[in-house]
Amino acid sequence: MSVLLLILAAGTVSAHGASLSSGSREPIRVPTWLFLSTGGAAVGASFLLASFVTDRQFIRQLHQWGFPIHAENSHVAVTAGRVLGLVGYVTVLVIGFIGPSTPQTNAAILLVWVGWWAGLAMTSYLVGNTWQTLNPLSTIALVLPSLNRRYPDSYGAWPSVIGLLALIWIEVISPLAADPQLLATAVVAYSVVTLFGVGIFGRDTWFDKADPVERVFRYYGRVAPIGKTGRKIKFRLFGMDLSVPRLVDDFDEVVFIIALLWGTTFDGFVTTPGWRTLTEPLVAGGFPPQVLYPVALLAGFGLFFGIYLIAVELSRRTAETYLQSRMVAVQFAPPLLAIAAGYHFAHYLGYFLELAPALWLALLSPFSDPGTVPVYQPPSWFGGVGIAAVVIGHLVAIWVAHAAAYDLFPSRIQAIRSQYPFIAVMVFYTMTSLWVITRPEVALPYI
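Everything quoted here is computed from the prediction, not taken from an experiment.

K.L.:
Talk me through unusual backbone geometry; I want residue IDs and the actual numbers.
P.N.:
With a phi close to 55°, Asn148 is a non-glycine residue in the positive phi region. For Asn148, the position within the fold is in the loop between α7 (136–141) and α8 (158–173). Using a relative accessible area of 57% as the deciding quantity, one classes Asn148 as exposed. Positive phi is not limited to glycine here, since Glu320 has a value of about 50°.

K.L.:
So, the nonpolar core: which residues are in play, and what are the values?
P.N.:
One finds Trp113, Phe266, Tyr293, Tyr308, Phe332 and Tyr429 to be the most contacted residues of the largest nonpolar core, which totals 124 residues. Top contributing element to this core by residue count: helix α16 (residues 336–364), with 16 residues. Sequence-distant contacts of Tyr308, defined by excluding residues within four places in its chain, comprise Val254, Ile258, Val328, Ala329, Phe332, Ala333, Leu336, Phe422 and Tyr429.

K.L.:
Just give me the short version of helix α15 (residues 325–332), but keep the residues and values in it.
P.N.:
Every α-helix carries 3.6 residues per turn, so stepping three or four residues along brings you back to the same face. Taken as a whole, α15 has its buried residues at Val328, Ala329, Val330, Gln331 and Phe332. Against the buried residues of α15 lie α12 (251–269), α14 (289–319), α16, α17 (383–408), α18 (412–418) and α19 (420–437).

K.L.:
Describe the pattern of salt bridges, and please don't skip the residues or the numbers.
P.N.:
The tally for this structure, following the rule as stated, stands at eight salt bridges. The shortest N-O distance in the salt bridge between Asp204 and Arg203 comes to 3.4 Å. Accessibility expressed as a relative area gives 58% for Asp204, which makes it exposed. Exposure remark for Arg203: the relative accessible area of 23% places this residue in the partly exposed category. Two residues, Arg215 and Glu253, come together in a salt bridge whose shortest N-O distance is 3.5 Å. Taken as a pair, Arg215 in helix α11 (residues 212–221) and Glu253 in helix α12 lie far apart in primary sequence, 38 residues in all. You can call Arg215 buried: its relative accessible area is 3%. Linked by salt bridges that have partners in common, Arg222, Arg236 and Asp241 make up one network.

K.L.:
Now, about a nonpolar patch on the surface: what can you tell me, with residues and values included?
P.N.:
A cluster of nonpolar side chains, Val90, Val94, Phe97, Ile98, Val188, Val192 and Phe367, forms an exposed patch at the surface whose accessible area comes to about 620 Å². Mapped onto the elements, Val94 comes out in helix α4 (residues 74–98). Owing to a relative accessible area of 34%, Val94 belongs among the partly exposed residues under this scheme.

K.L.:
Residue-level account of helix α10 (residues 203–210), with values.
P.N.:
Buried within α10 we find Trp206, Phe207 and Ala210. Viewed along the axis of α10, the buried residues span an arc of 110°, placing them on a single side of the element. Tucked inside the fold, the buried residues of α10 contact α7, α8, α9 (180–201) and α11.

K.L.:
Break down the environment of Leu164 for me, citing the residues and quoting the values.
P.N.:
Here Leu164 lies in helix α8. Overall, Leu164 belongs to the buried group, its relative accessible area being 6%. Among all residues touching Leu164, those that are not within four sequence positions of it are Pro212, Val216, Phe256, Ala259 and Leu260.

K.L.:
Tell me what's going on with the side chain of Asn135, and back it up with residues and numbers.
P.N.:
Within the element layout of this structure, Asn135 appears in the loop between α6 (131–134) and α7. A residue is classified by how much of its surface remains accessible, and Asn135, at 3% relative accessible area, is buried. A polar side-chain atom of Asn135 sits 3.1 Å from the main-chain amide nitrogen of Leu137. Polar side-chain contacts of Asn135 include one of 3.0 Å to the side chain of Glu214. Those residues in contact with Asn135 that sit more than four places away from it in its chain are Phe207 and Glu214.

K.L.:
Can you explain the side chain of Ser433? Please cite residues and give values.
P.N.:
As for its position among the elements, Ser433 is in helix α19. Residue classification places Ser433 among the buried residues on the basis of a relative accessible area of 3%. From its side chain, Ser433 meets the backbone oxygen of Tyr429 in a polar contact 2.9 Å long. Those residues in contact with Ser433 that sit more than four places away from it in its chain are Tyr343, Val390 and His394.

Calculation rules
- Residues numbered from 1 in each chain as written.
- Predicted model: local features only at pLDDT ≥ 70, side-chain atom pairs only at ≥ 80, totals over all residues.
- Heavy atoms only, no water.
- Helix = DSSP H or I, 4+ residues; strand = E, 2+ residues; numbered from the N terminus.
- Buried < 20%, exposed > 50% of the residue type's maximum accessible area, 1.4 Å probe, protein only.
- Core = buried A, V, L, I, M, F, W, Y, C linked by side-chain atoms within 4.5 Å.
- Contact = heavy atoms within 4.5 Å.
- Salt bridge = Lys/Arg side-chain N within 4 Å of Asp/Glu carboxyl O.
- Patch = residues over 30% accessible without salt bridge, like charges linked within 9 Å, V, L, I, M, F, W, Y side chains within 5 Å.
- Areas by Shrake-Rupley, 256 points an atom, 1.4 Å probe, with all protein chains shown as cover.
- Arc of directions from axis to C-beta.
- Polar contact = N/O pair within 3.5 Å; in protein donor to acceptor, adjacent residues only side chain to side chain.

Laid out in structure tokens, this is it:
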């Protein structure tokens with residue numbers, strides 16, 4: 001229902017989230033085949049190095065290593081976080097409805113896209129997940145009554161999968177980044193449906209199972225070096241919490257991870273000249289341009305997911321195991337979150353830095369519309385940061401997959417052989433991500 005309301009509000013006008021920026025992404029000035037093959041080779045070489053580590057106890061100790069962080073007055077921090085989240089929520093609604101109409105100067109637009117989806121999302125995998133505390137709808141749900149109906153087991157994570165894909169589509173094709181009132185209306189619609197779900201199934205159940213945004217931040221938080229273990233806050237190595245304890249329990253959660261990985265890739269892919277080149281002959285041949293984006297979203301998701309399923313079956317064959325496909329798919333899915341985090345960082349870091357001064361100015365004077373908007377222009381070498389982020393995310397994924405294999409298979413040779421197909425998949429994901437972030441950014445065609 002929330003998805004339907006957002007789609008009806010969105011229309012089909014152009015305002016991709018990145019439209020706030022200057023679109024200054026520049027292509028890398030080396031041959032495409034060179035940097036793609038280099039990135040793929042780096043991933044393959046890292047697997048060869050990881051394969052020499054066969055001591056199960058060492059692998060387990062490395063993933064479990066860490067030390068507690070004593071957070072004094074944590075209840076005060078939680079209360080402050082909840083208040084801050086509510087203030088941000090009210091700001092988005094008030095400034096969205098009655099603030100400046102120019103998106104580059106509207107605090108609601110900048111707070112959602114620059115501060116939240118770019119900035120806060122990056123902190124969730126670089127530092128730790130704070131959205132569980134900041135989430136204003138979760139705070140409001142604390143004081144709402146609930147019927148506490150049993151959440152059907154058959155639903156699983158599927159509502160969050162559908163919700164995530166729909167939100168990605170809406171973010172790409174709708175004017176939510178250019179129309180403050182429409183953005184505020186969409187936030188209200190999402191809030192109504194979310195709180196309705198809370199009223200039926202209960203706060204904990206809804207945000208744990210069905211809410212796509214909560215699941216995105218929770219999964220990203222498992223990549224971060226700071227997280228909760230029980231009631232304690234713990235510092236650990238980057239990405240090591242993706243396998244200890246288990247993050248994914250069933251096939252629907254695997255689907256969500258693939259959707260998250262593809263979603264950010266799709267967000268960047270449709271702003272490349274390659275997308276325009278691919279779609280021009282289709283539209284010229286009579287293909288409805290309004291259908292291009294949902295078809296591309298679903299087709300790309302199907303491709304990413306299909307390749308992963310093929311890797312699962314090939315892994316069972318190369319490892320010569322009788323384990324069910326579901327068990328193998330569940331075991332090797334969490335490492336993909338490190339890839340998703342690396343690509344999100346590469347895609348949004350420049351966007352965040354460029355518009356952070358405008359966000360700060362808008363928050364200081366939310367009801368005014370200054371004539372000039374301050375922006376930061378990253379230096380020419382900044383593109384290398386994105387490439388490094390993609391490669392590092394894949395290297396972390398390689399190691400986590402290595403540990404996952406040793407946790408699943410009793411034989412060392414089985415553990416090593418089981419990784420062959422997944423390394424090939426990760427090389428494919430690496431080369432796709434590198435290609436997207438090194439293409440120049442252009443306006444979305446046909447919308």
